[in-house]
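Next come the chains, spelled out residue by residue.
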Amino acid sequence: MSLLSRVSVLIEILSVSLSTLSLPDFYMLWLRAISEVRKVTGNQFVPGLLTSLNTRLTTLRGSRAFKMALFLDPRFNYRGSKFFSPEEKMEIMGYINETWQRIRQLQSPASTSSTRNESLSESERNDDFDEYLTEMYGGSVNTDGEPSETKFLQQLQSLDLEPRQNSNYNVWDHWLRRKTTHPELYAVAMVVLSTPSNQVSVERAFSVLGLVLSNLRTKLAEDTLTNILLVKLNKALFPQAIATAYNWKEVERN
């Protein structure tokens, strides 16, 4: 395949759902582009193009948002991976911890307390025997329904011990499945993976706004206009949004 043909394929790949790509998926597609260009032989433009692609890749990886997103993706961060150095891992874990602390500050204390109390099962509630064990052996039982800070850090550190996943792995589904077992990391992942990987969504938003707010619809209320744009601009994200917006077990029970 000629260089022109490969570039055409790459442009097509990068243009598919570009506005809804997560940061790890965008990075993976960029790697795929480099892989395809490297297959071209006997073309004088290949070395320069590879240099440009790799330079841009280095720039992307220098972003704090990209570092966190790639660290949370088992396609890049896994057992035996050389993607991050030990120093980089420590730096990124600090970023993720800071993000989680910020999320905690934004959460409503009342709702957090209510959720914590409701999440305690019968087996997690303390009784007189627990007091007896405390008297005998010391220490205290964790009465917080949320995992402790120590547990959060342990889960964070264990991410690079997981098995490697293939290049087509869905990192969204990966974290949706961990909503219950890793609630803090799940919350951070939802924020990080929602970070736009490009400015396509901004340009598209202006275009859609021009179509919705036409001369015949100038009296639309601000809230109505916002809701219409929200639906039109995020159709591809509905599966993820719906999966995280409700407690489906509770809905089915009712």
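Relevant structure appears above.
Keep in mind that what you see is a predicted model, and the values were worked out from it rather than measured. (Residues numbered from 1 in each chain as written. Predicted model: local features only at pLDDT ≥ 70, side-chain atom pairs only at ≥ 80, totals over all residues. Heavy atoms only, no water.)

### As for the packing of aromatic side chains
So, point 1. Applying the stated rule across the entire model yields nine aromatic pairs.
So, point 2. Relative to Phe84, the ring of Phe83 has its centre 4.8 Å away and its plane inclined at 85°; by these criteria the two rings are edge-to-face. Both residues of the pair, Phe83 and Phe84, count as buried.
So, point 3. Taking the centre distance of 6.0 Å and the plane angle of 40° together, the rings of Trp100 and Phe152 count as tilted. One end of the pair, Trp100, is in helix α5 (residues 86-106); the other, Phe152, is in helix α8 (residues 149-157), with 52 residues separating them in the sequence. By the burial criterion, Trp100 is buried, and Phe152 matches it.
So, point 4. Through a chain of ring-to-ring contacts, three or more aromatic side chains come together here, namely Phe26, Tyr27, Trp30, Phe66, Phe71, Phe76, Phe83 and Phe84.
So, point 5. The residue whose ring lies beneath Arg61 is Phe83, and the NZ or CZ to ring-centre distance is 4.2 Å. (Phe/Tyr/Trp six-rings, centres within 6.5 Å; stacked < 30°, edge-to-face > 60°. Buried < 20%, exposed > 50% of the residue type's maximum accessible area, 1.4 Å probe, protein only. Helix = DSSP H or I, 4+ residues; strand = E, 2+ residues; numbered from the N terminus. Lys NZ or Arg CZ within 6 Å of the ring centre and 35° of its normal.)

### Considerations on the environment of Asp73
So, point 1. Its place among the elements puts Asp73 in the loop between α4 (64-71) and α5.
So, point 2. The exposure class of Asp73 is buried, given its relative accessible area of 0%.
So, point 3. With 97 residues separating them along the chain, Asp73 and Asn170 place their C-alpha atoms 9.2 Å apart.
So, point 4. Contact partners of Asp73, with chain neighbours within four places excluded, come to Pro24 and Val171. (Contact = heavy atoms within 4.5 Å.)

### Description of a nonpolar patch on the surface
So, point 1. A surface patch of nonpolar side chains, about 580 Å² in accessible area, is lined by Phe129, Tyr132, Leu133, Met136 and Tyr137.
So, point 2. For Tyr137, the location among the structural elements is in helix α7 (residues 128-137). (Patch = residues over 30% accessible without salt bridge, like charges linked within 9 Å, V, L, I, M, F, W, Y side chains within 5 Å. Areas by Shrake-Rupley, 256 points an atom, 1.4 Å probe, with all protein chains shown as cover. Salt bridge = Lys/Arg side-chain N within 4 Å of Asp/Glu carboxyl O.)

### Focus on the side chain of Lys67
So, point 1. Inspection of the secondary structure assignment puts Lys67 in helix α4.
So, point 2. Take Lys67: its relative accessible area is 14%, and that puts it in the buried class.
So, point 3. With sequence-adjacent residues up to four places away left out, Lys67 is seen in contact with Arg61, Gly62, Phe84, Glu91, Ile92 and Tyr95.

### A word on the pattern of salt bridges
So, point 1. Evaluated as defined, the whole model comprises eight salt bridges.
So, point 2. The salt bridge involving Lys39 is made with Glu36; its shortest N-O contact spans 3.3 Å.
So, point 3. Note that Arg75 is salt-bridged to Asp73, the shortest N-O span being 2.7 Å. For the pair formed by Arg75 and Asp73, the shared burial category is buried.
So, point 4. One salt-bridge network, held together by shared partners, links Asp25, Asp73 and Arg75.

All we've got here are geometric facts, nothing functional implied.
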